[in-house]
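Single-letter residue listing:
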Amino acid sequence: MPDQTAESKPVKPPVVVKKYANRRLYNTESSSYVTLEDLAQMVRAGRDFVVYDAKSGDDITRSVLTQIIVEEEAKGSHLLPESFLRQLIGFYGDSLQGVLPRYLEATMTGFSRQQEEMRRGMEQALRPFSLEEISQRNMQMMERAMNLFSPFQGRSELDALKSENAALKAELSALKAKG
């Protein structure tokens, strides 16, 4: 679920959904009946909602969210590994039962934050460049490559080596003439 920060748009109050005895879900904001899939889409879109039993007024949001997970798993999504489900069931009634929800929530919040950071990083890395920017980068790379492969950095060094070579040849010729 996307993290709402102070920089983002203002957070809307949660949508109130009423569940009737016939198991139908009624969205009071849109004045229409909705399905569990509609509620799943709201979660994915970052839209918060609460579900109340229409008769008793009890908050049944947790059980409806659990129903959504069961339906997603039944469709073949298999987000939750079997070993995780077994471990989770094992924690019911355990002394750590009170700690686990906070731990899982903190872990999922951290995971969501890292996922969002990675998504932003990928978008920045893949953003299109202007032709001018690409050509400038290509020129810089070519200049660096030429400097790496050029044994002499400047023309003056080459000229100095040529004149030193000529002087050595002259000296060698003079030594041969004497000898």
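Now for a description of the structure that goes with this document.

About the criteria used
- Residues numbered from 1 in each chain as written.
- Predicted model: local features only at pLDDT ≥ 70, side-chain atom pairs only at ≥ 80, totals over all residues.
- Heavy atoms only, no water.
- Pairing = 2+ DSSP bridges.
- Helix = DSSP H or I, 4+ residues; strand = E, 2+ residues; numbered from the N terminus.
- Axes fitted to C-alpha atoms, helices over the stretch in contact; angles between N-to-C directions.
- Contact = heavy atoms within 4.5 Å.
- Phe/Tyr/Trp six-rings, centres within 6.5 Å; stacked < 30°, edge-to-face > 60°.
- Lys NZ or Arg CZ within 6 Å of the ring centre and 35° of its normal.
- Buried < 20%, exposed > 50% of the residue type's maximum accessible area, 1.4 Å probe, protein only.
- Core = buried A, V, L, I, M, F, W, Y, C linked by side-chain atoms within 4.5 Å.
- Patch = residues over 30% accessible without salt bridge, like charges linked within 9 Å, V, L, I, M, F, W, Y side chains within 5 Å.
- Areas by Shrake-Rupley, 256 points an atom, 1.4 Å probe, with all protein chains shown as cover.
- Salt bridge = Lys/Arg side-chain N within 4 Å of Asp/Glu carboxyl O.

Across the sheet, which stays open at both edges, the 4 strands sit in the order β3-β2-β1-β4 with mixed pairing between neighbours. Lying at the two open borders of the sheet, with one neighbouring strand each, are β3 (32–34) and β4 (49–53). For this sheet, the mean inter-axis angle between neighbouring strands, taken without regard to orientation, is 35°. Bridge count between strand β1 (residues 15–19) and β4: 5 bridges; the pairing is parallel. Paired with V16 across the strands is V50, a residue of β4. Taken strand by strand, helix α2 (residues 61–74) contacts β1 and β4, and its axis lies near 110° from that of β4.

Two measures describe an aromatic ring pair: the distance that separates the ring centres and the angle between the ring planes. Within this structure, the stated rule accounts for 1 aromatic pair. The interplanar angle of 65° and the centroid separation of 5.2 Å between the aromatic rings of Y26 and Y33 together place this pair among those described as edge-to-face. It is R24 that lies over the ring of Y33; its NZ or CZ is 3.9 Å from the centre.

Right, let's talk about unusual backbone geometry for a bit. The backbone of S31 sits at a positive phi, close to 55°, despite the residue not being glycine. Examined against the element boundaries, S31 turns out to sit in the loop between β2 (25–27) and β3. The backbone phi angle of H78 is positive, close to 45°, even though this residue is not glycine. Looking at the secondary structure, you find H78 in the loop between α2 and α3 (82–91). On the basis of relative accessible area, H78 is assigned to the exposed category, the value being 58%.

Here we take up the nonpolar core. Ranked by size, the top nonpolar core spans 13 residues in total, and within it V17, L25, L39, F49, V51, V64 and I68 carry the most contacts. At the level of elements, β1, α1 (36–44), β4 and α2 are the ones that each hand at least two residues to this core.

On to a nonpolar patch on the surface. Nonpolar side chains collect at one region of the surface, where L96, V99 and Y103 lie side by side and expose about 310 Å² of accessible area between them. If you trace the backbone, Y103 turns up in helix α4 (residues 100–125). For Y103, a relative accessible area of 54% puts it in the exposed group.

A few words now on the pattern of salt bridges. If you walk through the whole model with that rule in mind, you get 8 salt bridges. Among the salt bridges present, the one from R47 reaches E29, with a minimum N-O distance of 2.6 Å. Of the two residues, R47 sits in the loop between α1 and β4 while E29 sits in the loop between β2 and β3, which places them 18 residues apart along the sequence. What makes R47 buried here is its relative accessible area of 16%. Notably, a salt bridge pairs E37 with K75, separated by 2.7 Å at the nearest N-O pair. Of this pair, E37 sits in helix α1 while K75 is found in the loop between α2 and α3, placing the two residues 38 residues apart along the sequence. Take E37: its relative accessible area is 27%, and that puts it in the partly exposed class. Taken together, the shared-partner salt bridges in this structure form one network comprising E37, R44, E72 and K75.

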